[in-house]
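# A closer look at the structure
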Amino acid sequence: MSSTTIDEFRQQILQRQPLRIRGGGSKDFYGSVPSSMQESNLLDTRMHSGIVSYDPSELVVTVKAGTTLQALELVLATRRQFLPFEPPRFGDDLSAATIGGAVAAGLSGPRRATVGALRDFVLGLRLMDGVGRELKFGGEVMKNVAGYDVSRLMAGSMGCLGLILDVSLKVLPMPMHEATIGLALDQQPALELMNQWGGEPLPISATCWADGLLMIRLSGAEPAVRTAQQRLGGDLVEADQAAQFWASLRDGQHAFFAQTSPHATLWRLSVPSVTPPLEVGGSSLIEWGGAQRWFHSEASAEEVQTLAHRCGATATAFRYAPDRTQVFSPFAPGVLKLHQSLKHAFDPHGIFGRGRLYPEI
Amino acid sequence: MMSIQTPAEGADTFPLPSRESDRGRGGENQTNSPVGADDTLLCVTTDIDTALAHSAEQDQNFASIHHATLFSRLKKILPQGALLQVKEDLAPYECDGLSAYRRIPLAVALPEDEAQVVAVMKACYEAGVPVVARGAGTGLSGGAMPHEQGLVLSLAKLKRIVRIDKYSRTAVVQPGVRNLAISEAAAPFGLYYAPDPSSQIACSIGGNVAENSGGVHCLKYGLTVHNVLRVRVVLADGDVVTLGSEALDSAGLDLLALFIGSEGLLGIATEVTVKLTPKPQFAQCILASFDDVRRAGDAVAAVIAAGIIPAGLEMMDQPATRAVEPFVKAGYDINAAAILLCESDGTKEEVGDEIARMKAVLEGCGATEIRVSQSEAERILFWAGRKAAFPAAGRVSPDYYCMDGTIPKRRLADMLIAITELEKKYGLRCMNVFHAGDGNLHPLILYDANVPGELERTEAFGAEILKLSVDFGGTITGEHGVGFEKINAMCEQFASDELRIFHGIKAAWDARGLLNPGKAVPSLHRCAEFGRMHVHGGQTAFPEIERL
Ligand SMILES: Cc1cc2nc3c(=O)[nH]c(=O)nc-3n(C[C@H](O)[C@H](O)[C@H](O)COP(=O)(O)OP(=O)(O)OC[C@H]3O[C@@H](n4cnc5c(N)ncnc54)[C@H](O)[C@@H]3O)c2cc1C
């Protein structure tokens, strides 16, 4: 394996200077940037790329962190398999994002509500901690409860605990059949239907409401998709157009996500799916059966965080925030203490991704 | 019932560690030197370093603690009769489902609500007394086995279903609620809680969270970690934190995922919010016979390779079917070398389609007989045999020992063949039931504790299976946890650097090491003592620790 690359990573870590771990840079816009931050050196993972092993009948692929999502998904597609959590690729040409960055950001796409989040598909990984030790957690099997679940902890850790070297992911067969239907509905009735249908055994794999239109994607065996289509009604969307629509949602390229004004932030709220329409004084885009709400707002971060807190949600200043000192929801003190102590266990010198997640870690 | 009849006396008191051994690889011994300008923001917690040094290096000894004040305090906190101290009252708590390992605790506390749990935890924290959480005590790795110098904290009285919400498809329950009780309460809404351990009639949701339990339907519907949204946790010092939320994502590190499967070492779960799943309209099961275990093992991989994720995919070998069939009469072919149970669920159309495809794959893999359940009653009968496997082992043998490794599916047949060889080597019989779809093995080694030497041979047999699981690219435990039982096997699977991180995590949550000490994560000293010459990255493990 690329032991020289690994050695270079270790050399960089042993310098004990702040490091910003970066893959393709497709998510540079995401996360906090503390105002007082000392300039961090970049640790570029892209030299460490390639598929380590892939056994389709095990539903497992092990891949080096610097491998692009595009390259990985192409390989999986040759065996009619895919990453069910549909990690967003962002960026202009979608070819930059790496799997390491996807895991570290922990973001999931349109299938989230029905098949699970990125972290649900992480089976194991190899990482380098803040003192340059190479560590292996989890494995390549579906069930493994030996030791604490460090692999899933790394999902969404935004490069602040350690450097992900390789990751083993559970993959799934691509659905046999897919169909997308559209229904003209206002927000309130759309939310009600998403929640009602979510409680029925229907092969729904994604939902999206925006601008008076509820889009529903059905995935599964052809007869099941057909029956569900009849049951739900609406208009069938042409296949190419549907594929394009879901991809644009996944990758943050849907027109809704474009910047609306220099003072407005694109907010992402993770809410209980049954939360009524949010009073945000503008339009919203809803995904995940009602559990993910997007909107643009010029309101202060405090105001949005208060709104989120009131409905048992968390809010992320996802993009275009004029001030990026703290883009994620604040914690209760006890939870913050746990974060600090965990940070200390993995990165005692505090070199990785300082402030990217929270100013305190 | 299932037991290895050895008392585990003083198993985790060791001589003092050599202090100089607290050093990582690469000469890192100054842990308190952060970089950069905004140092103050960094956590430089010396008590954590101290705690880490303690718990990582060696098992703690709590023998010198005085308990009199603690007991009078606990009596004030708990309702009448909720603090057990008399030997006869303590006996039912001396072990969990793995009855081979037994210890009598100092006392058992039975709080009735979270406030009492908090008060008990605070009292124990201040007294420096270990606490072992206990749900229903069905665990199979000695996780809930008491500590002689500690308190057992039973969550059995916290058994209220707080709320079932049809619309949001969630249930909020206290930790002592039985797994099956959630599905029963959700049934009127056409919903259920998907993870279904075979012990679901008895085991508690708190125990499920602590073990990240699985069940036969987890292949399609996920493990506990995939179906729990939020947990309220009382920490070792009595602080209460909420991990996760009723939304799908939460801010910050995924502490919920870290907590699930932590075997009572990081905190006490006092309330759990679970996701409920719509009940499938229809299910059918295929019962397929094979005259060769390799063909059966290959068929498992072939089903998955064909792009099918069955709702359940289980395998039983001939000794297992022969033990079960006489009293369940499930209709298993007892002349088959192995059988597979292969289930499909969903809409009627979906199931029809999937069953046809699975049948074709199984036929292609050389199944000698294929039956598809023709009614719900027949489907349940097919499963009844599988579910009776453990009791059946108890009928055909005075004692049995249940293993729990996981391996890649392609190695299933290799494992079965290796186990056959081990049966000869140890002169013991073994029957095999596998959650084949996800490679999780439950070999049941049959023995008689009254025959001198059989128990020791059984333990050695089991240890070889676990070692093989690791060698095949798998793990020593798929769902039963490490607990007390597999603490030595952890030294096979992990090197000292990984164990140090585990101890760091433990110290972050429980700096004084009071929660379930001596379980799940071995001290470095213990691994050195255990003496396995585990080779990792070309290095002997624990070279830094002196061998006694
Ligand atoms: C016949 C039989 C069949 C089984 N089948 C399966 C199976 O199919 N799949 C499977 O995964 N397991 C199975 N098990 C194992 C066992 O049932 C599970 O591990 C179960 O989750 C344990 O739950 P419990 O309430 O009995 O926990 P206990 O045995 O009481 O405790 C287990 C662990 O959890 C901790 N704990 C308990 N409650 C809490 C709490 N509230 N907060 C923090 N920690 C806590 C304890 O300290 C201990 O470490 C089986 C066991 C038996 C006896």
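Predicted model only: the values in this text are computed from it and were never measured.

## A short note on the overall build of chain B
Along chain B, the regular secondary structure elements total 19 helices and 20 strands. Across the 548 residues in chain B, those meeting the buried criterion constitute 62%. A separation of at least 24 residues holds for 72% of the contacts in chain B among residues at least 6 apart in sequence.

## Observations regarding the interface of chain A and chain B
Contacts between the two partners involve 85 residues from chain A, matched on the other side by 98 residues from chain B. Overall, the association of chain A and chain B removes approximately 7600 Å² of surface from exposure, summing both partners, and the carbon and sulfur fraction of that is 61%. Where chain A touches chain B, the interface holds 8 salt bridges. The salt bridge involving B:Arg410 is made with A:Asp55; its shortest N-O contact spans 2.8 Å. Linking chain A to chain B there are 19 residue pairs in polar contact (both at pLDDT 80 or more). Elements that contribute at least two residues to the side of chain A that touches chain B include exactly helix H4 (112–115), strand E7 (134–138), helix H5 (150–154), strand E9 (172–173), helix H6 (187–198), helix H7 (222–232), strand E14 (265–270) and helix H10 (333–346) of chain A. Residues belonging to the side of chain A that touches chain B are distributed by class as follows: 41 nonpolar, 24 polar and 20 charged.

## Some words on the site of the ligand
All names here are of chain B. Close contacts around the ligand come from 33 residues, with Ala133, Gly135, Thr138, Ser199 and Ser204 the closest. Ala136 places a main-chain nitrogen or oxygen 2.8 Å from an oxygen atom of the ligand. Coverage of the ligand by the protein chains reaches 95% of its 970 Å² of free accessible surface. Those elements giving two or more residues to the shell around the ligand turn out to be strand E3 (131–134), helix H6 (205–211) and strand E10 (268–275). For the shell around the ligand, the element with the highest residue contribution is H6, accounting for 5 residues.

## Considerations on the sheet that holds E3(B)
Residue and element names in this part refer to chain B. Strands sit in the order E1-E2-E4-E3 across an open sheet of 4 strands; the sheet is mixed. The open sheet has two edge strands, strand E1 (83–84) and E3, and neither has a second partner. Sheet analysis places strand E2 (residues 107–109) next to strand E4 (residues 151–154), joined by 3 bridges and oriented parallel. Note on E4: the bridge partner recorded for Ala109 is Leu153.

## Some words on the packing of helix H2 (residues 68–77) of chain B against helix H4 (residues 114–127) of chain B
All names here are of chain B. Across the interface, H2 lies against H4 with an axial gap of 10 Å and an inter-helix angle of 170°. On the basis of their axis angle, the class for H2 and H4 is roughly antiparallel. Residue-level contacts link Leu70, Arg73, Leu74 and Ile77 of H2 to Gln116, Ala119, Val120, Lys122, Ala123, Cys124, Glu126 and Ala127 of H4.

## Remarks on the pairing of strand E6 (residues 170–173) of chain B
All names here are of chain B. Residues Thr170 and Val172 of E6 are buried on one face, and the alternating residues Ala171 and Val173, pointing to the opposite face, are buried as well. Where strand E5 (residues 161–165) lies against E6, 4 bridges are found, and the strand directions are antiparallel. Bridge pairing in E6 links Arg163 to Val172. By the bridge criterion, 4 bridges tie E6 to E10 in an arrangement that is antiparallel. Considered in E10, the bridge of Val172 is made with Thr273.

## Remarks on the domain arrangement of chain B
For interface size, the figure often reported is the accessible area lost on association. Residue and element names in this part refer to chain B. When its domains are assigned, chain B resolves into domain 1 (68–154), domain 2 (161–278) and domain 3 (281–485). Look at where the C-alpha atoms of domain 1 and domain 2 centre, and you get two points 22 Å apart. Taken together, the contacts link 12 residues of domain 1 with 14 residues of domain 2. When the two sides are added together, the surface that domain 1 and domain 2 hide from each other amounts to roughly 1100 Å², 64% of it contributed by carbon and sulfur. Counting every contact that joins domain 1 to domain 2 gives 1 salt bridge. Take the side of domain 1 that touches domain 2: its biggest share by element is 6 residues, from H4.

## Details of helix H16 (residues 454–471) of chain B
Here H16(B) is 18 residues long and its end C-alpha atoms lie 25 Å apart, about the 26 Å a rise of 1.5 Å per residue gives. Against the buried residues of H16(B) lie strand E16 (399–402), helix H15 (412–426), strand E17 (429–435) and strand E18 (440–447) of chain B.

## As for the environment of B:Leu74
Residues and elements named next belong to chain B. In this structure, Leu74 sits in helix H2. Residue Leu74 is classed as buried on the basis of its relative accessible area of 0%. When residues no more than four places from it in sequence are discounted, the contact partners of Leu74 are Leu83, Val120, Ala123 and Leu151.

## Notes on the packing of helix H11 (residues 318–328) of chain B against helix H14 (residues 389–396) of chain B
Residue and element names in this part refer to chain B. As a packed pair, H11 and H14 sit with axes 9 Å apart at the nearest point and diverge in direction by 95°. Taken together, H11 and H14 sit at an angle that is classed as roughly perpendicular. Here H11 contributes Ala323, Val324 and Phe327 to the contact with H14, which in turn contributes Ala389, Ala392, Arg395 and Val396. The class makeup of the residues in the contact of H11 with H14 is 6 nonpolar, no polar and 1 charged.

## Some remarks on the state of the cysteines
All names here are of chain B. Taken as a whole and judged by the stated rule, the model has 1 disulfide over all chains. Each sulfur of the disulfide joining Cys491 and Cys527 lies 2.1 Å from the other. Its S-S torsion of approximately -80° makes the covalent link between Cys491 and Cys527 left-handed. Here Cys491 is found in helix H17 (residues 490–493), whereas its partner Cys527 is found in helix H19 (residues 524–530), with 36 residues between them in sequence. A disulfide-free cysteine, Cys402 has its sulfur positioned 9.7 Å from the sulfur of Cys430, the nearest such atom. With relative accessibility at 6%, the residue Cys402 sits in the buried group.

What counts as what
- Residues numbered from 1 in each chain as written.
- Chains lettered and ligands numbered in written order.
- Predicted model: local features only at pLDDT ≥ 70, side-chain atom pairs only at ≥ 80, totals over all residues.
- Heavy atoms only, no water.
- Helix = DSSP H or I, 4+ residues; strand = E, 2+ residues; numbered from the N terminus.
- Buried < 20%, exposed > 50% of the residue type's maximum accessible area, 1.4 Å probe, protein only.
- Contact = heavy atoms within 4.5 Å.
- Buried area = accessible area lost by both parts, 1.4 Å probe.
- Salt bridge = Lys/Arg side-chain N within 4 Å of Asp/Glu carboxyl O.
- Polar contact = N/O pair within 3.5 Å; in protein donor to acceptor, adjacent residues only side chain to side chain.
- Nonpolar A, V, L, I, M, F, W, Y, C, P; charged D, E, K, R; others polar.
- Near = heavy atom within 4 Å.
- Areas by Shrake-Rupley, 256 points an atom, 1.4 Å probe, with all protein chains shown as cover.
- Pairing = 2+ DSSP bridges.
- Axes fitted to C-alpha atoms, helices over the stretch in contact; angles between N-to-C directions.
- Parallel < 35°, antiparallel > 145°, perpendicular 65-115°, else oblique.
- Domains from an automatic or database assignment.
- Expected span 1.5 Å × (residues − 1).
- Disulfide = S-S within 2.5 Å.

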